[in-house]
Amino acid sequence: MTSTDPTVLPDPWQSLHQLLAAMDAEIEQVYVERGIKGVRPRFAYPLIRLAHTGPLTIRELAESLNRSHSAISQTIAAMRKEDLVTSEPGPDARTRRINLTERGRSLVPFLEAEWRATHATVAELDGEIPYAMTAVVEEVRRALEHRSMRERILHHLTEPPR
């Protein structure tokens, strides 16, 4: 342990996490106002994809969405609890194919409309602020390609004496 607690300093990530959480909460509020309960914004992407592809394994779904297997596995478990998806035996004993339930399928037209409206909203926000969010994200990505997060952390890392 060091002499001071570094977590008492302002967290540079906090405002980004709070912004994303607030935006997700507002999207979820749109669902609730439409009488759609138990659906979270993170469910929209996999539900829409499954509607267009048919059943996929968790690995196939994760790859198609460019998400981690773990994240999609957790999302699928949450969606199963809300009766949005089912799983059936896959091509081998280790895999399961994920499919939409009738409830999940019935929500897809609305989720597609919300998806498009959300993208239009992001474009609108990009036009209202001095630095477009999408451009800033791209600039950060490019900077990290030039010098990775790991390299940057190691440059600033001062390990305590043993």
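From a predicted model like this one, the values you see are computed outputs, not experimental measurements.

S.K.: Hey, could you run me through the packing of aromatic side chains in this one?
M.R.: The final tally for this structure, using the stated rule, is two aromatic pairs. Ring geometry for Tyr 45 and Trp 115: centres 5.0 Å apart, planes at 40°, overall tilted. Taken together, the residues span a long stretch of sequence, with Tyr 45 in helix 2 (residues 41–53) and Trp 115 in helix 5 (residues 102–128) at a distance of 70 residues.

S.K.: Please explain the pattern of salt bridges as it appears in this structure.
M.R.: Opposite charge on two side chains makes pairing possible when the charged atoms of those side chains draw close. In total, this model carries five salt bridges according to the counting rule given. Its salt-bridge partner being Glu 60, residue Arg 97 comes within 3.5 Å of it at the nearest N-O pair. With Arg 97 in strand 3 (residues 96–100) and Glu 60 in helix 3 (residues 58–65), this residue pair connects regions lying 37 residues apart in the sequence. Among the residues examined, Glu 60 registers a relative accessible area of 34% and is labelled partly exposed. For Glu 145, the salt bridge identified is with Arg 141, shortest N-O distance 2.2 Å. Remark: Arg 141 and Glu 145 occur in helix 6 (residues 133–146); sequence separation between them is four residues, near one turn of the helix. Since its relative accessible area comes to 36%, Arg 141 is described here as partly exposed.

S.K.: Sorry, what's going on with the side chain of Glu 114 here?
M.R.: Here Glu 114 is to be found in helix 5. Buried charged residue Glu 114 carries no salt bridge. Nearest counter-charge: Arg 116, at 10 Å. Engagement of the side chain of Glu 114 in a polar contact is seen with the side chain of Thr 118, the distance being 2.5 Å. Ignoring sequence-local partners within four residues, the contact set of Glu 114 consists of Ile 27, Tyr 31 and Ala 44.

S.K.: Any chance you could explain the side chain of Thr 75 here in plain terms?
M.R.: Note that Thr 75 resides in helix 4 (residues 69–81). With relative accessibility at 6%, the residue Thr 75 sits in the buried group. Looking at Thr 75, its side chain comes within polar contact range of the side chain of Arg 42, at 2.9 Å. Apart from residues lying up to four places away in sequence, Thr 75 is in contact with Arg 42, Phe 43 and Pro 46.

S.K.: What is the right way to read the nonpolar core from this model?
M.R.: Counting 25 residues, the largest nonpolar core has Val 39, Leu 47, Ile 76, Val 85 and Leu 111 as its most contacted members. Those elements giving two or more residues to this core turn out to be helix 1 (14–33), helix 2, helix 3, helix 4, strand 3 and helix 5. Among the elements that make up this core, the one with the highest residue count is helix 2 (five residues). What Val 39 contacts, discounting residues up to four positions off in sequence, is Glu 28, Tyr 31, Leu 84, Arg 103, Leu 107 and Leu 111.

Rules used in this analysis
Sequence order as written defines the numbering, with residues in each chain counted from 1. Totals for whole chains, interfaces and linings use every residue, but because this is a predicted model, local features are given only for residues with pLDDT of at least 70 and side-chain atom pairs only at 80 or more, for both listing and counting. The side-chain values count all of the structure's non-hydrogen atoms but skip hydrogen atoms and water molecules. Aromatic pairs are defined between Phe, Tyr and Trp rings, using the six-membered ring for Trp, whenever the two ring centres lie within 6.5 Å; interplanar angles under 30 degrees are classed as stacked, those over 60 as edge-to-face, and all others as tilted. Only runs of H or I of at least four residues qualify as helices and only runs of E of at least two qualify as strands under DSSP, and these elements are numbered from the N terminus. Salt bridge, as applied in this entry: a Lys or Arg side-chain nitrogen positioned within 4 Å of an Asp or Glu carboxyl oxygen. Exposure is judged per residue with a 1.4 Å probe applied to protein chains only, and the accessible area is read against the type maximum: over 50% gives exposed, under 20% gives buried, and values in between give partly exposed. Within this scheme the basic residues Lys and Arg register as positive and the acidic residues Asp and Glu register as negative, but His and the chain ends are omitted. Distance and chemistry together define a polar contact, namely a pair of N or O atoms within 3.5 Å, with one atom able to donate a hydrogen and the other to accept it when in protein, and with adjacent residues in sequence counting only for side-chain atoms on both sides. Contacts are assigned to residue pairs that have any heavy atoms within 4.5 Å of one another. Nonpolar core, defined: a set of buried Ala, Val, Leu, Ile, Met, Phe, Trp, Tyr and Cys residues in which side-chain atoms within 4.5 Å join the residues together.

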